[in-house]
Amino acid sequence: MERFQKVYQQGVLDVMEIWVDNETGVQYLFHRSGNAAGLTPLLDREGKPVVTPRE
(Lines give C-alpha, C1' and ligand atoms only; values in the text may rest on other atoms or scores of the structure.)
Protein backbone atom coordinates (compact mmCIF):
# COMPACT_ATOMS: atom_id res chain seq x y z
CA MET A 1 0.00 0.00 0.00
CA GLU A 2 1.25 3.48 -0.84
CA ARG A 3 1.82 5.88 2.06
CA PHE A 4 0.05 8.86 0.41
CA GLN A 5 -3.14 8.85 -1.67
CA LYS A 6 -4.48 11.74 -3.75
CA VAL A 7 -8.20 12.13 -2.99
CA TYR A 8 -9.01 15.42 -4.74
CA GLN A 9 -7.66 17.53 -7.61
CA GLN A 10 -8.77 20.73 -9.30
CA GLY A 11 -7.17 22.90 -11.96
CA VAL A 12 -4.62 22.37 -14.69
CA LEU A 13 -2.16 25.29 -14.59
CA ASP A 14 -3.09 26.41 -11.09
CA VAL A 15 -3.42 23.03 -9.31
CA MET A 16 -4.82 22.27 -5.86
CA GLU A 17 -4.81 18.71 -4.54
CA ILE A 18 -5.70 17.01 -1.27
CA TRP A 19 -3.52 14.10 -0.20
CA VAL A 20 -4.11 11.70 2.70
CA ASP A 21 -1.34 10.01 4.68
CA ASN A 22 -2.58 6.41 4.86
CA GLU A 23 -0.64 5.72 8.08
CA THR A 24 -1.86 8.71 10.14
CA GLY A 25 -5.01 9.77 8.25
CA VAL A 26 -3.81 13.42 8.18
CA GLN A 27 -4.95 15.39 5.12
CA TYR A 28 -2.57 17.73 3.26
CA LEU A 29 -3.23 20.52 0.77
CA PHE A 30 -0.81 20.73 -2.16
CA HIS A 31 -0.85 23.84 -4.37
CA ARG A 32 1.17 24.36 -7.55
CA SER A 33 1.24 27.48 -9.70
CA GLY A 34 3.87 27.62 -12.43
CA ASN A 35 7.26 26.73 -10.94
CA ALA A 36 6.15 27.34 -7.33
CA ALA A 37 4.53 24.73 -5.08
CA GLY A 38 3.68 24.19 -1.45
CA LEU A 39 2.36 21.51 0.88
CA THR A 40 0.65 22.07 4.24
CA PRO A 41 -1.61 20.05 6.54
CA LEU A 42 -5.30 20.95 6.38
CA LEU A 43 -6.45 22.42 9.71
CA ASP A 44 -9.91 22.58 11.29
CA ARG A 45 -11.38 25.64 13.03
CA GLU A 46 -9.46 24.86 16.21
CA GLY A 47 -6.14 24.64 14.37
CA LYS A 48 -5.92 20.84 14.63
CA PRO A 49 -5.07 18.67 11.59
CA VAL A 50 -8.00 17.27 9.62
CA VAL A 51 -7.86 13.48 9.95
CA THR A 52 -9.62 10.94 7.74
CA PRO A 53 -10.87 7.99 9.82
CA ARG A 54 -8.85 4.88 8.96
CA GLU A 55 -10.71 1.76 7.90
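These numbers were taken from a predicted model, which means no experiment stands behind them.

### Quick word on the pairing of strand β4 (residues 36-41)
Look at any regular strand and the pattern is simple: side chains alternate between the two faces of the sheet.
Here's step 1: In this structure, strand β3 (residues 27-33) lies alongside β4, joined through 6 bridges in antiparallel fashion. Along β4, the bridge assignment pairs Tyr-28 with Pro-41.
Here's step 2: Where β3 hands over to β4, the hairpin turn is made up of 2 residues, of which Gly-34 adopts a positive phi near 65 degrees.

### Let's talk about the environment of Val-26
Here's step 1: Mapped onto the fold, Val-26 is located in the loop between β2 (14-21) and β3.
Here's step 2: Along the chain, Val-26 and Arg-54 lie 28 residues apart, while their C-alpha atoms are 9.9 Å from each other.
Here's step 3: Beyond its immediate stretch of four places on either side in the chain, Val-26 contacts Trp-19, Val-20, Asp-21, Pro-41, Pro-49, Val-50 and Val-51.

### Notes on the pattern of salt bridges
Here's step 1: This structure, assessed with the given rule, holds 4 salt bridges.
Here's step 2: Among the salt bridges present, the one from Glu-23 reaches Arg-3, with a minimum N-O distance of 3.6 Å. Residue Glu-23 is found in the loop between β2 and β3, and its partner Arg-3 is found in the segment before β1 (4-10); the two are separated by 20 residues along the sequence.
Here's step 3: We note a salt bridge from Lys-48 to Glu-46, for which the minimum N-O separation is 3.6 Å.
Here's step 4: Take Lys-48: its relative accessible area is 48%, and that puts it in the partly exposed class.
Here's step 5: Taken together, the salt bridges that share partners define one network made up of Arg-3, Asp-21 and Glu-23.

The rules behind these values
- Residues numbered from 1 in each chain as written.
- Predicted model: local features only at pLDDT ≥ 70, side-chain atom pairs only at ≥ 80, totals over all residues.
- Heavy atoms only, no water.
- Pairing = 2+ DSSP bridges.
- Helix = DSSP H or I, 4+ residues; strand = E, 2+ residues; numbered from the N terminus.
- Contact = heavy atoms within 4.5 Å.
- Salt bridge = Lys/Arg side-chain N within 4 Å of Asp/Glu carboxyl O.
- Buried < 20%, exposed > 50% of the residue type's maximum accessible area, 1.4 Å probe, protein only.

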